[in-house]
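Coordinate inspection notes
If you want the building blocks of each chain, they are given just below.
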Amino acid sequence: MEEGELKMKDKIFGVLQRVGRSFMLPIAILPVAGLLLGIGSSFTNATTIETYHLTGILGEGTIAHALLMIMSRVGSTVFDNLPLLFAIGVAIGMAKKEKEVAALSSVIAYLVMHTSIYALLLLHGKIAEDGQIADFVLEGSITSVCGIPSLQIGVFGGIIVGLGVAALHNRFYRIELPSALSFFGGTRFVPIISALVYTGVGILMFFIWPVIQTGIYAVGNVVLESGYAGTWVYGLMERLLIPFGLHHVFYLPFSVILCFYVLSLSS
């Protein structure tokens, strides 16, 4: 019995380590994106330019200003589309073979999920056809995702898509269908089943996520108000998980929670 439990624990840790490693693929681009955004935004700021008397070099109309604006926009677009990058990165990291199919399927599933949410927002009157958000909707809870008005799910949505699509991919990428449908078998079946499944996931998220979102705000509030105790708990948990390679699983969602809370305060 103990040997069986040990094997089960090893299996669970192995899966969680794979999840943690899969997060590293999209995370790897963040330092570069952060530098581009930081440098571009800092040196195109009118106050900074005037303070250091750099109008002749970095002022509007100069080549340097144009290049810095491009840098800022490039860095910003990475952060704006971070959930989609996580969906793709996690799907690639967790797929066993035919990883390119998993990547394509994750993009399809991500767009389908948010389109389903958008359709329900329209049906329930939370958003109008012209994009106008209803007055009774919580401010900041609806955003634009790849041009699709949807709930503010953030990186969690990308992780949900990546993990789910990877599981579907590993289960069905070798499926054999009857001869009449053989064209849709194998790897071609993965984006099909992913689109169907994540249509349902989008419907579920429309009803479930607002409740979770309220909880996220509450947790962020508790942590931010707990002072040194909250910092100690955060640091302790992260260090305990480092030997298992699972610290990324802990601090990534935790960071997103804080980001959601800060965004809610600024909106």
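Described below are features of the structure shown in this document.

About the cut-offs
- Residues numbered from 1 in each chain as written.
- Predicted model: local features only at pLDDT ≥ 70, side-chain atom pairs only at ≥ 80, totals over all residues.
- Heavy atoms only, no water.
- Core = buried A, V, L, I, M, F, W, Y, C linked by side-chain atoms within 4.5 Å.
- Buried < 20%, exposed > 50% of the residue type's maximum accessible area, 1.4 Å probe, protein only.
- Helix = DSSP H or I, 4+ residues; strand = E, 2+ residues; numbered from the N terminus.
- Contact = heavy atoms within 4.5 Å.
- Axes fitted to C-alpha atoms, helices over the stretch in contact; angles between N-to-C directions.
- Parallel < 35°, antiparallel > 145°, perpendicular 65-115°, else oblique.
- Left-handed = near helix turned anticlockwise from the far one by under 90°.

Side chains of nonpolar character tend, in soluble globular proteins, to be buried together. Judged by nonpolar contacts, the single largest core of 32 residues is most densely connected at I117, V161 and Y198. Every element with two or more residues in this core is listed here: α6 (82-94), α7 (99-123), β1 (142-145), β2 (148-151), α8 (155-172) and α9 (189-225). With eight residues, the single largest contributor to this core is α7. Apart from residues lying up to four places away in sequence, I117 is in contact with S150, L151, I153, G202, M205 and F206. Counting ten residues, the second largest nonpolar core, distinct from the first, contains L82, V90, M94 and V155.

One non-glycine residue, H53, adopts positive backbone phi at about 55 degrees. Take H53: it is sitting in the loop between α3 (46-51) and α4 (55-58). By relative accessible area, which is 71% here, H53 ends up exposed.

Relative to the assigned elements, H169 resides in helix α8. When near neighbours in sequence (up to four residues on either side) are disregarded, H169 contacts A95, K97, E98, V101, A102 and V190.

Remark: helix α2 (residues 30-42) packs on helix α5 (residues 63-80), axes separated minimally by 7 Å, with the N-to-C direction vectors making an angle of 140 degrees. Between α2 and α5, the interaxial angle falls into the category oblique. Our pair here, α2 against α5, has a crossing hand that is left-handed. On α5, the residues touching L30, A33, G34, L36, L37, I39, G40 and S41 of α2 are L68, M71, S72, V74, G75, S76, V78 and F79.

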